[in-house]
Amino acid sequence: MSGIVLEGVTKRFGDHLVTDAIDLVIPDGAFTVFVGPSGCGKTTLLRLIAGLEDIDSGRLLIDGVDAAQTSPAARGLAMVFQSYALYPHMTVRANLGFALKVARRPRAEIAERTEQVAEMLNLTPFLDRRPGALSGGQRQRVAIGRALVREPKAFLFDEPLSNLDAELRAQMRIEIRRLQQQLGITAIYVTHDQAEAMTMADRIVVFRDGRVEQAGSPGEIYRNPASRFVAGFIGSPRMNFLGGAIAAKHGAVTIGVRPEHLAIDPAGTISAAVQAIEYLGSDSFVHLGAQSGETLIARGVPDLDFRSGDTVQLRIAPGAVHRFDADDRAMPAPAPAPGANIFEETV
Amino acid sequence: MRTRRRHRAIATMFAWAASLTIAFPLLWTLLTSFKTELEAVSFPPRFLSFDWTLANYRGILAEGDYLHSLVNSVIVAGGSSALVLALAIPAAWSMAFAPTHRTRGILLWMLSTKMLPPVGVFIPIFLFYRDWGLLDSRTGLVLLLAAANLPIAVWMLFSNFREVPGEILEASRMDGASLWQELVSVLAPLALPGIASTFFLVFTLAWNESFWTLNLVTTEATPLTAFIAAFSSPQGLFWARLSAASILSIVPVLLIGWLCQRQLVRGLTFGAVK
Ligand SMILES: Nc1ncnc2c1ncn2[C@@H]1O[C@H](COP(=O)(O)OP(=O)(O)OP(=O)(O)O)[C@@H](O)[C@H]1O
Ligand SMILES: [Mg+2]
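Definitions and limits used
- Residues numbered from 1 in each chain as written.
- Chains lettered and ligands numbered in written order.
- Predicted model: local features only at pLDDT ≥ 70, side-chain atom pairs only at ≥ 80, totals over all residues.
- Heavy atoms only, no water.
- Near = heavy atom within 4 Å.
- Polar contact = N/O pair within 3.5 Å; in protein donor to acceptor, adjacent residues only side chain to side chain.
- Areas by Shrake-Rupley, 256 points an atom, 1.4 Å probe, with all protein chains shown as cover.
- Helix = DSSP H or I, 4+ residues; strand = E, 2+ residues; numbered from the N terminus.
- Nonpolar A, V, L, I, M, F, W, Y, C, P; charged D, E, K, R; others polar.
- Core = buried A, V, L, I, M, F, W, Y, C linked by side-chain atoms within 4.5 Å.
- Buried < 20%, exposed > 50% of the residue type's maximum accessible area, 1.4 Å probe, protein only.
- Contact = heavy atoms within 4.5 Å.
- Buried area = accessible area lost by both parts, 1.4 Å probe.
- Salt bridge = Lys/Arg side-chain N within 4 Å of Asp/Glu carboxyl O.

Undergrad: Got a sec to walk through the site of ligand 1? Specific residues and values, please.
TA: All names here are of chain A. As a matter of local geometry, ligand 1 sits amid Phe-13, His-16, Val-18, Ser-38, Gly-39, Cys-40, Gly-41, Lys-42, Thr-43, Thr-44, Glu-159 and His-192. Ser-38 is positioned such that a nitrogen or oxygen atom in its side chain is 2.4 Å from an oxygen atom of ligand 1. Between an oxygen atom of ligand 1 and a main-chain N or O atom of Gly-39, the distance comes to 2.8 Å. The fraction of the free accessible surface of ligand 1 (630 Å²) that becomes covered by protein chains is 59%. Sorting the residues of the shell around ligand 1 by element identifies β2 (16-26) and α1 (42-50) as the ones contributing at least two each. Sorting elements by how many residues they give to the shell around ligand 1 places α1 first, with 3 residues. Of the residues belonging to the shell around ligand 1, the class tally is 3 nonpolar, 7 polar and 2 charged.

As structure tokens, then:
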């Protein structure tokens with residue numbers, strides 16, 4: 001078990017500040033997911049932790065020891081690359097055993113450990129093949145196996161599933177999570193897919209422009225987003241935002257309402273035109289254009305007795321409003337005035 | 001179907017014509033080497049109907065200079081090529097995988113040294129070599145040819161290494177490979193085709209180099225280029241023997257090319273990423 005602590009970690013490429021004084025504690029044995037839009041510095045931060053890039057300023061502690069000057073291998077972390085980065089000229093067996101071979105472990109131990117890991121990942125039939133003769137999913141498992149063999153202090157995953165199709169991806173998510181829990185090894189997992197973050201994480205760290213926007217459990221982040229950015233990034237379909245008069249009534253510059261908290265109800269006070277209806281079997285989403293100009297999405301409408309073009313009334317579920325100030329930071333939930341329901345609004 | 005076959009036939013004919021045209025000087029040299037001196041200069045030239053003889057080869061091999069020069073050529077070309085690779089592989093590695101904003105400039109600057117004709121630096125080099133006792137020495141030639149071919153080798157290896165995904169090397173670093181292990185067990189096998197073709201090119205260039213080898217060397221260190229040149233001047237022109245000498249000096253390079261060819265054509269990177 002290991003603790004990874006970042007203190008003011010800063011990295012520049014030329015003039016470009018890629019990570020800006022990041023303070024972060026990666027909990028022991030937990031599955032931490034770094035999530036954020038493309039180009040926000042997730043990969044760079046992971047590579048800084050791995051030791052593949054040098055930190056410009058700040059400290060990186062692994063097990064309480066400053067590791068900034070330690071070589072990648074000596075940090076005891078294992079990385080799974082987005083491109084898998086298998087050794088194409090070696091068999092699966094040699095790929096898995098490479099780390100042990102360069103560490104000069106006894107041959108018997110290498111063979112045993114390699115086979116054990118192959119067993120764990122159902123790779124035994126492929127041990128004597130080269131990576132070129134494997135499917136994408138099998139290559140992915142070899143990449144994970146190569147990280148497992150070393151019994152690392154922590155796993156670093158950089159978007160390991162982005163090259164797989166949807167079904168395989170869903171399957172691998174579960175498999176990775178199962179392995180990690182079984183071994184109890186700390187994991188940092190980078191993705192830009194918020195659904196992947198929500199389903200896999202013990203703890204999510206949301207990044208934006210090289211800074212930590214918010215860190216917390218998936219539930220915390222979903223229920224109490226710290227900013228309009230996080231609110232819009234986590235959750236699918238994304239949160240609805242309304243400004244103007246309706247927000248002002250809540251004492252905010254913008255308010256956010258998740259699609260599941262927006263109900264189509266003749267008693268509602270927000271008028272909107274139905275633009276499109278999406279049926280997904282278990283779910284349905286109604287895309288609406290509010291009179292004030294915003295596009296809104298409402299989820300799970302029970303009786304769809306309207307069509308595109310109709311005008312309907314919307315009601316916000318009680319207590320479901322997220323309020324944001326002029327800087328797009330979340331404002332604390334207001335204490336409801338006695339007797340009055342402030343969540344019922346007119347536009 | 002028929003037009004396609006006709007197209008194929010025409011293409012084949014063109015290919016043969018082009019290959020024969022390119023290879024003609026070499027083939028003619030080969031034929032001439034089996035002629036007598038008289039037949040070699042006879043006009044109109046005889047194509048195949050002459051008295052085939054091995055006398056030219058026998059004569060050359062009997063003189064003993066050939067073996068002496070062959071050994072020198074192997075040492076000079078082999079030694080300088082080995083030295084070039086020993087320097088160029090690490091150089092190209094650092095340029096390809098740890099580039100700085102000066103990398104491009106350095107590459108161009110290295111190549112720019114090849115734009116100067118060698119004669120331009122002949123006098124200073126000659127004087128240095130005279131003072132350092134490197135004239136007519138194999139060491140001198142090895143150093144000079146290595147320096148002359150280094151830019152090309154770095155350039156070739158650099159473009160080759162850039163095809164190797166850097167993440168594979170990083171993966172080996174994460175796996176605990178030392179720099180040496182990274183170069184030898186990961187980069188070298190992946191870039192083997194490129195390294196082989198670079199070696200072959202540099203070797204051929206050194207083998208055929210005939211400015212420095214003719215001007216800095218007199219007796220002790222004469223390679224095959226000097227050996228051939230010696231045939232064309234003093235006792236008049238001996239076409240047949242000159243041809244035989246040329247053929248004999250090509251054979252070793254052909255042999256090396258043939259040995260390397262599997263590596264020259266084979267790419268190994270497939271399946272590394274994605
Ligand atoms: N070697 C480099 N030199 C210069 N700029 C770089 C380098 N590597 C990354 N950057 C820049 O740093 C920023 C962060 O890149 P990074 O790869 O960390 O993003 P990311 O969050 O992983 O994005 P994605 O989700 O697309 O993978 C980007 O703007 C990128 O252009
Ligand atoms: Mg990335």
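Undergrad: So what's going on with unusual backbone geometry? Residues and values would help.
TA: Residue and element names in this part refer to chain A. Residue Pro-237 follows Ser-236 across a cis peptide bond; omega there is -5°. Looking at the element boundaries, Pro-237 is found in the loop between α8 (228-233) and β11 (240-242). Of note in the backbone geometry, Glu-159 takes a positive phi value of approximately 40° without being a glycine. Take Glu-159: it is sitting in the loop between β7 (154-158) and α5 (166-183).

Undergrad: Could you give an account of the nonpolar core, with specific residues and numbers?
TA: Formed by 60 residues in total, the largest nonpolar core has its most connected members in Ile-4, Leu-6, Phe-34 and Ile-49 of chain A together with Phe-161 of chain B. Residues within four places of Phe-34 of chain A in sequence aside, it is in contact with Leu-24, Ile-26, Lys-42, Leu-45, Ile-49, Ile-188, Tyr-189, Val-190, Thr-191, Val-205 and Phe-207 of chain A. One finds Leu-148, Phe-157, Leu-164 and Tyr-189 of chain A within the second-largest nonpolar core, a separate group that totals 44 residues.

Undergrad: Explain the environment of Pro-193 of chain B to me, using residue names and the numbers behind them.
TA: All names here are of chain B. By the secondary structure assignment, Pro-193 is in helix α10 (residues 192-208). Given the relative accessible area of 13%, Pro-193 is considered buried. Residues Pro-193 and Ile-60 lie 133 residues apart in sequence; the distance between their C-alpha atoms is 36 Å.

Undergrad: Tell me what's going on with the interface of chain B and chain A, and back it up with residues and numbers.
TA: The partner chain A presents 28 residues to the 22 residues of chain B that form the contact. Here chain B meets chain A over a buried area of about 2200 Å², counting both sides, of which 60% is carbon and sulfur. The tally of links from chain B across to chain A stands at 1 salt bridge. The shortest N-O distance in the salt bridge between Glu-170 of chain B and Arg-47 of chain A comes to 2.7 Å.

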